[in-house]
Number of protein chains: 2
Amino acid sequence: MNSLLNGHFFLIKIFFNLWSIHNNALKNCSKSSLERLKIRNGGILRGQKNSQSNQLKFMNLSAQEKEQVKAFLIYLQDKICQELTQLDEKEKFTEQCWVMKGKSDCRSRLMTKGRLFEQAGVNFSDVCGNALPHSASSRRPELAGRAFQAMGVSVVIHPLNPYLPTSHANVRFFVAEKPGEEPVWWFGGGFDLTPFYGFEEDAIHWHKTAQALCKPFGKEKYSQYKKWCDDYFYIKHRNEARGIGGLFFDDLNTPDFNTCFDFIKAVGEGFLTAYLPIIEKRQNMTWGKKEREFQLYRRGRYVEFNLVWDRGTLFGLQTGGRSESILMSLPPRVRWECNYQPEAGSPEAELYNHFLKPKDWLA
Amino acid sequence: MNSLLNGHFFLIKIFFNLWSIHNNALKNCSKSSLERLKIRNGGILRGQKNSQSNQLKFMNLSAQEKEQVKAFLIYLQDKICQELTQLDEKEKFTEQCWVMKGKSDCRSRLMTKGRLFEQAGVNFSDVCGNALPHSASSRRPELAGRAFQAMGVSVVIHPLNPYLPTSHANVRFFVAEKPGEEPVWWFGGGFDLTPFYGFEEDAIHWHKTAQALCKPFGKEKYSQYKKWCDDYFYIKHRNEARGIGGLFFDDLNTPDFNTCFDFIKAVGEGFLTAYLPIIEKRQNMTWGKKEREFQLYRRGRYVEFNLVWDRGTLFGLQTGGRSESILMSLPPRVRWECNYQPEAGSPEAELYNHFLKPKDWLA
């Protein structure tokens, strides 16, 4: 059960520096830590208020904030699933839940063999541990050993039609706590697009949506998070971008909780605003064996990135996470072909030469 | 070109401890080192004999031994390709060569879309570098920084018919040298089988062949190398063996060169004795969509092992090796299915319950 939770935890997509939280932390979760979290989350604070007033006052506040984030994440998961189901028209999501009171609350949703979506995974998870290890807090060594709570929504969509791009989105929230001290919290997330056949106007729409949602939060946000995304989703052994990028961010905790939370909401909602119109616009494009074969070939790159470079995936698998949950991101069908080269001047070659080169789409 | 060679070097299958040889070593290959290797391999020793008699005397001997190994490896590659071509009846191997005098001599052979073999790669490579890094010689720190030569043959066969097992074989030879000191050399290699549908008698034949070829070399060899194989080809995140094992060994340099070389020959030839009869026996079994789907699903495990756990593959990709060569081991078509469970009592369930549990097949 521990490994199951651990794996699910990784569905929050540990792209960030949180290396070895998930395993030992949960395993070692002491009763007192669980009780504390239970109290915190349940708001049953009166009994302990007198003896630890500062701590509880803070925790009470934090509990409210966390509940807000959790409520939003659950709403977001529901909304994404609803929108995708409505668009697909054929298939629905099936759900698997794993709940351990005070430890985890995970809700995995999967659609397969849809009209549009060959596979779509939309996962919510909320897990806690009693010791954020040093390696998980390398940028902030003062957090080592703190209790933590991590929650998020992770989305990976593999459409059937090769003219529809694969997409990935994630929003996540972390709180690292220590009795008697200020909690430290931060958000992370983003979304990125992986087309098989590139459309200039879709790429511009995708990035315009990203830019627009970032705008109220600061002039530099879009270009900063766009670059972070290009850097992270780069398949180094192929010298290729995984796709056309989007947004990627981590360690977001300024200027204040509400502003950061608003940004997360904008990213979560913005993903749908960015992705769904592309699906709607391209869904009726006809495709044949040639396009399907190219899609399956390019999906191999997705597998390579996720298994070789994605820090969270790799670490999760190597430390005993639940593989079925971690590997939900892998495409349902894939092929490899040695020494494949796209025909010069073909749409396949254009993907490599134009779309998979990180660039300013809004220039 | 360097990365191309480096990638090819990895086709020797760096399962062993040679971590970071391939990249910087070749890049930094100095002219003097290259000259030395050229002289050594060409046997043009007279001109320098007087000034460095001990060294050259030793090198002359070593050159002969290395030439013997190289000749055997080239013979082995040819023989494996011939036997597979003969068996396939439909397709032949295509060849790609990369030769840089004194640096590398690589010959990659690939068959695709055969009658029996959906993809078969049989690669010979011979590369040298001027500095065996410390990380590549962790078991023998005294070798750090030595010049080295590494040669080998690596085979990965993905049959089309799901009743035919995937197989992998490798033999390799390393020499680490330092002017004025004894060279250190060692062999490594082995072969392992990955069935999709298990046949008890095939597993017994496979291991009997392995046992028989080990027998002249010592009572414990088979059980020792069989266990090493089970341990190495274990997919930890799935708690499953990759297949039914076989032999895996490294650091082989006792009691003497000739005995070790004889063992390598026995392993190389033994692979064909072990594999070909299984292909011949099962090639006409009829299969349908169900079996093909299971094969594609199980091939996902092969991908997972190679990209997540195989040290050589992972290191090669993460340090800039030639990805096309490194990833030749990946199956041509693969699928993933979340939460798949084989039907109780089915041949698919039997694979998990009986064949993928490491055991003594000859008990």
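Thresholds, definitions, all that
- Residues numbered from 1 in each chain as written.
- Chains lettered and ligands numbered in written order.
- Predicted model: local features only at pLDDT ≥ 70, side-chain atom pairs only at ≥ 80, totals over all residues.
- Heavy atoms only, no water.
- Helix = DSSP H or I, 4+ residues; strand = E, 2+ residues; numbered from the N terminus.
- Salt bridge = Lys/Arg side-chain N within 4 Å of Asp/Glu carboxyl O.
- Buried < 20%, exposed > 50% of the residue type's maximum accessible area, 1.4 Å probe, protein only.
- UniProt positions renumbered as here; feature names shortened; annotations may be inferred.
- Contact = heavy atoms within 4.5 Å.
- Polar contact = N/O pair within 3.5 Å; in protein donor to acceptor, adjacent residues only side chain to side chain.
- Pairing = 2+ DSSP bridges.
- Axes fitted to C-alpha atoms, helices over the stretch in contact; angles between N-to-C directions.
- Least-squares fit on C-alpha atoms with pLDDT ≥ 70 in both.
- Nonpolar A, V, L, I, M, F, W, Y, C, P; charged D, E, K, R; others polar.
- Phe/Tyr/Trp six-rings, centres within 6.5 Å; stacked < 30°, edge-to-face > 60°.
- Lys NZ or Arg CZ within 6 Å of the ring centre and 35° of its normal.

*Asks:* Tell me about unusual backbone geometry, residues and numbers included.
*Replies:* All names here are of chain A. Residues T254 and P255 are joined by a peptide bond in cis, for which omega reads 5°. Here P255 is to be found in the loop between strand 9 (245-252) and helix 8 (257-282). Of note in this structure, N239 is not a glycine but carries a positive phi near 50°. One can find N239 in the loop between strand 7 (234-235) and strand 8 (240-241). At N339, a position not held by glycine, the phi torsion is positive, near 60°. For N339, the location among the structural elements is in the loop between strand 10 (333-335) and helix 12 (347-355).

*Asks:* Account for the pattern of salt bridges, with residues named and values stated.
*Replies:* Residue and element names in this part refer to chain A. Scanning the model with the defined rule gives 62 salt bridges over all chains in all. Salt-bridge contacts for K70 lead to D126; the nearest nitrogen and oxygen are separated by 2.8 Å. With K70 in helix 5 (residues 53-88) and D126 in strand 3 (residues 117-129), this residue pair connects regions lying 56 residues apart in the sequence. We note that K70, like D126, is buried. A salt bridge links R238 to E304, with the shortest nitrogen-to-oxygen separation between them at 2.7 Å.

*Asks:* Talk me through the UniProt feature "site: Important for dimerization" (unreviewed entry) in chain A; I want residue IDs and the actual numbers.
*Replies:* The UniProt record marks H237(A) with the feature "site: Important for dimerization" (unreviewed entry), using the residue numbering of this structure. Note on placement: H237(A) falls in the loop between strand 7 and strand 8. By relative accessible area, H237(A) is classed as buried at 6%. Ignoring sequence-local partners within four residues, the contact set of H237(A) consists of E304(A), V308(A), W309(A), L317(B), S323(B) and L327(B). A polar contact is formed between the side chain of H237(A) and the side chain of W309(A), at a distance of 2.8 Å.

*Asks:* Explain the sheet that holds strand 1 (residues 94-100) of chain B to me, and be specific about the residues and the numbers.
*Replies:* Residue and element names in this part refer to chain B. Taken together, 7 strands build an open sheet; the order of strands is 1-2-3-4-5-6-9 and the sheet is antiparallel. Two strands in the sheet have a free side with no partner beyond their single neighbour: strand 1 and strand 9 (245-252). On average, each strand axis in the sheet is inclined to that of its neighbour by 5°, with strand direction left out of account. Pairing of strand 6 (residues 184-194) with strand 9, which is carried by 6 bridges, proceeds in the antiparallel orientation. Paired with G189 across the strands is F249, a residue of strand 9.

*Asks:* Please give an account of the relation of the copies chain B and chain A that cites residues and values.
*Replies:* Between the two copies, chain B and chain A, the superposition gives an RMSD of 0.0 Å; the rotation angle is 180° and the shift along the axis is 0.0 Å. Taken together, the rotation and translation relating the two chain copies correspond to the operation of a two-fold axis. Across chain B, the smallest distance between a C-alpha and the rotation axis is recorded for V334(B), namely 2.6 Å. Of all interface residues in chain B, 100% are interface residues in chain A too; the two copies therefore contact each other through one and the same surface.

*Asks:* Mind laying out the UniProt feature "active site" (unreviewed entry) in chain A, listing which residues take part and the relevant values?
*Replies:* In this structure's numbering, the residues bearing the UniProt feature "active site" (unreviewed entry) are H168(A). In terms of polar contacts, H168(A) uses its side chain to reach the side chain of D192(A), at 2.8 Å.

*Asks:* I'd love a proper account of the interface of chain B and chain A, names of residues and values included.
*Replies:* In this assembly, 32 residues from chain B lie in contact with 32 residues from chain A. Summed over the shared surface of chain B and chain A, the number is 15 residue pairs in polar contact (both at pLDDT 80 or more). Contributing elements (two or more residues each) for the side of chain B that touches chain A: helix 9 (289-309), helix 10 (311-318), helix 11 (323-326) and strand 10 (333-335) of chain B. With 8 residues, the top contributor of residues to the side of chain B that touches chain A is helix 9 of chain B. The class makeup of the residues in the side of chain B that touches chain A is 18 nonpolar, 6 polar and 8 charged. Where strand 10 of chain A and strand 10 of chain B come together, 3 bridges link them in antiparallel fashion. When the sheet's bridge partners are listed, R333(A) is paired in strand 10 of chain B with R335(B).

*Asks:* Report on the packing of aromatic side chains, specifying residues and quantitative values.
*Replies:* By the definition in use, this model includes 68 aromatic pairs over all chains. Centroid distance F217(B) to F263(B): 5.0 Å. Interplanar angle 75°. Geometry classified as edge-to-face. One end of the pair, F217(B), is in the loop between helix 6 (200-214) and helix 7 (221-232); the other, F263(B), is in helix 8 (residues 257-282), and 46 residues separate them in sequence. What makes F217(B) partly exposed here is its relative accessible area of 22%. Following the ring pairs from residue to residue traces out a cluster consisting of F217(A), Y225(A), W228(A), Y232(A), F233(A), F248(A), F249(A), F263(A) and F305(A). One Lys or Arg, R172(B), reaches over the ring of F248(B) and ends 5.7 Å from the middle of that ring.

*Asks:* Can you break down the environment of A363(B) residue by residue, with the values?
*Replies:* All names here are of chain B. You can see A363 is positioned in the segment after helix 12 (347-355). For A363, a relative accessible area of 86% gives the class exposed. Between the C-alpha atom of A363 and that of F124, which follows or precedes it by 239 residues, the distance is 36 Å.

*Asks:* Can you explain the sheet that holds strand 9 of chain A? Please cite residues and give values.
*Replies:* Residues and elements named next belong to chain A. What the 7 strands build is an open sheet, ordered 1-2-3-4-5-6-9; its pairing is antiparallel. Pairing within the sheet leaves two strands with one partner each, and these edge strands are strand 1 (94-100) and strand 9. For this sheet, the mean inter-axis angle between neighbouring strands, taken without regard to orientation, is 5°. In this fold helix 6 (residues 200-214) packs onto strand 5 (166-177), strand 6 (184-194) and strand 9, with an angle of close to 30° to the strand it touches most, strand 9. Along the sheet, helix 9 (residues 289-309) makes contact with strand 3, strand 4 (147-159), strand 5 and strand 6, crossing strand 4 at roughly 160°.

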